[in-house]
Amino acid sequence: MKLTELLNMLLKVNRDHPVARLWQRYAQSEQDLRQALAGMSPELKPLFKVLMRFAGPLPFEANKLDEWHGQCEQYPIGYVQAALPLYMKLGLVAQLELSWGEQAYVIPQEIYEAASHDHLVENRLVDDLSYGSPMHELLPVMPSATIEAGEEAVQDLFRIMVLAAQGELSFTSKGVLQKKIIQRLEGMLRIEENALKADGFLCPTAPFLSSRLALILELACAMKMIAPEPDGYKINAQKLHYWLDSSVNHWRRALHEIVRKQYVRADVEMHQGIIAIEQCGHSSEWRSVSKVLKYVESTYGCSNRSMGWLRDWLLASHALGLCDLGRLPEGEWYYRWKAVPLEQQDACSQEEGPQLFVQPDFEIMTVPECSFRVRYELEMMAELQASEPLSIYKLRFESFKKALERGRAREWQLEFLRLFAVNGVPSSVEDALLQWSLQLNKVHIQEVLLVRCQDEEAFERIQVECQEDIQHLRLVPIGSKDYILAAEHAEDIAKKLTRMGLLSPPKSRQEAKGLIPPFAVSVRPSEEGEIHLGEQEFKEEMMQDLKGTVYSIGRLKYYEMDADLLAETMASAPYYRLPEMWTKSMRTYHASTMRELIQTAIELRLSIEVELSNHERRLLTPWRLQSTPAELTLLEASLDNSNRLNRVSFDPKQFKGVRILLPAWL
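So, here's what we can say about the structure. Nothing here was measured: the structure is a model prediction, and the numbers come from that model.

What follows concerns the overall build of the protein chain. Within the protein chain, the secondary structure is distributed over 27 helices and 24 strands. Burial status across the protein chain gives 50% buried among its 666 residues. In the protein chain, 68% of the contacts between residues at least 6 apart in sequence involve partners at least 24 apart. Accessible area for the protein chain stands at about 32,200 Å²; split by element, carbon and sulfur atoms hold 49% of it.

Next up, the structure:
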């Protein structure tokens, strides 16, 4: 879970909680986060690594501590349990509650990634991962047909978004996509179906759809590009500006986050390996897959099954365009990670200068780095002829009429082409646009919204304060009390009127949606007054409806913030209730007291220090008591270097002294 999700849940429970301020700092400043990790006491640092090893970035229930008991040879798992209140106070661990009331914990994703990256740097592994030979020696990894993945799923998502904006994704009476639409979508998809059938990737299924088409539609909905409605998939006009103004890398990062969260099995080793693959990867240098997996195996003790899942995950990531994947003739795999963190991408996102070649035969070709916004507007006014290797569009009379219906007048289309054409607009194209406009008798019917003022005073106030909108014909006065405005400017004008106190905000989201038709988007990239939604604002809006978080589609679990967050005294109460004589010094006890002491250590998952008859002192982790009227036998559990659980029996009557070992901070 990310800090933004946890913070949103915490603010609904307790807005003034001190942990909220910590999470806000950590989310805004990676330096503050690293200082918090480095500032942990020497007793807490190694225990945090133990928690990372067993829990990873996934939520874990409190009963998981019983499963981990005895699997760490250096520390009893009770030490980790005793440290949880301290980690929560530092904001490094969040306390959650399942929908049925069971307690759970999680290391926030950003904190886990920062700590694992520090561990990676300490081991200096990255220096030993690079592939120095020429790239042409690499071969495709089956079932892929190429080494370089390209934009793949990003382009598929863009096409889905365009078709939704054009109203092409309509449903039949049975609530499914029409057969001809499915065939059209299947023909345009770039991702390969076979690469998504890996064991470690939970590809969705849907009636009448292939796995890849079902995945792309689910991803587009999860990224809030489109939304399913009773009559079909509709464009999310409020988020369209955000995605059109984002870079390809931004799309990849969002895609990577959603895929890792929803389509990867809820396996700790799997998620640990995926984070290591991303952190060891590089956008321009090839990394050895076998060396990265060996690092994951040695650090987290992952099983061979998980290693196979991670190789399958790389195949699926390659199909989605998140990484390039190749192999040497002898079989060794190498990858190049393309979904780099946003802070590592170039400062300039997309080109704003000329990006089109307009031909006299009405063909329009885009440059390879053409921005999503320019390509989107081309989709609204021309027909797509080809998308590989370059996108080629064709201006036709039918596409011209459709552009008028979508609010793109002839003057706007001509100005758009002049603005982004590298070599200008040929006279044949300008003449054709004029003739097509004349054929339509210069009459253009456009749906507009009526703004009716209560009195002339309100009319004049709008005329003064919205003078710029009136000059640019975004708001047109008619009569003495009314205005009309085009649908694409409704949201912007409504916000201004609300700030002026002349328009009440919508009472519900349904009312707000009713003001905005599906094509209410910007139709001029350089036009002032566009609605731009910043990254932070977009993330906050995405989290507004979260009452709980669906973490895994394979095993749905709804988490909420625990109302008793950071009840440190309550969490530490079992340790404070221990008799001081049991923990301070070595003593001998009566058999009944010895039984109670050992049973308490077992319940709290703590170790004991014992002195044997030969004055030898040993640390034992109590596992189970076998008691009869005549005998009391203690079984010790420990993990040796061969990763096998050894249990050694002891007779407590041999003990010359015993005490429970508590962590240093208790």
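Still more to cover.
The next subject is the nonpolar core. One broad trend across soluble globular proteins is that nonpolar side chains are buried collectively. Grouped together as the largest cluster of nonpolar side chains are 147 residues, with contacts concentrated most on W23, F48, L51, Y87, F201 and L320. For this core, the element with the highest residue contribution is helix 8 (residues 153–165), accounting for ten residues. If near-sequence neighbours (up to four positions away) are discounted, W23 is found in contact with L3, L6, L7, L10, G91, A94 and M561. L378, F400, V429 and L433 belong to the second-largest nonpolar core, a separate cluster that totals 25 residues.

So, about the pattern of salt bridges. Taken as a whole and judged by the stated rule, the model has 28 salt bridges. For the salt bridge of R410 with E411, the shortest nitrogen-to-oxygen distance reads 3.6 Å. R410 gets classed as buried once you look at its relative accessible area, which sits at 19%. Judged by relative accessible area, which is 51%, E411 ranks as exposed. Members of the salt-bridge network, linked through shared partners, are E113, R253, E257, R260 and E278.

Here we take up the sheet that holds strand 9 (residues 333–337). Read from one edge of the open sheet, four strands run 4-8-9-7, paired in antiparallel fashion. Strand pairing shows two members of the sheet lacking a second neighbour, strand 4 (139–140) and strand 7 (287–288), which therefore form its edges. One ladder, built from five bridges, connects strand 8 (residues 323–327) with strand 9; its direction is antiparallel. Residue D324 lies in a different strand from strand 9, and its bridge partner there is R336. In the packing of helix 15 (residues 304–319) onto the sheet, contacts are made with strand 8 and strand 9, and the angle to strand 8 comes to roughly 120°.

Definitions and cut-offs
- Residues numbered from 1 in each chain as written.
- Predicted model: local features only at pLDDT ≥ 70, side-chain atom pairs only at ≥ 80, totals over all residues.
- Heavy atoms only, no water.
- Helix = DSSP H or I, 4+ residues; strand = E, 2+ residues; numbered from the N terminus.
- Buried < 20%, exposed > 50% of the residue type's maximum accessible area, 1.4 Å probe, protein only.
- Contact = heavy atoms within 4.5 Å.
- Areas by Shrake-Rupley, 256 points an atom, 1.4 Å probe, with all protein chains shown as cover.
- Core = buried A, V, L, I, M, F, W, Y, C linked by side-chain atoms within 4.5 Å.
- Salt bridge = Lys/Arg side-chain N within 4 Å of Asp/Glu carboxyl O.
- Pairing = 2+ DSSP bridges.
- Axes fitted to C-alpha atoms, helices over the stretch in contact; angles between N-to-C directions.

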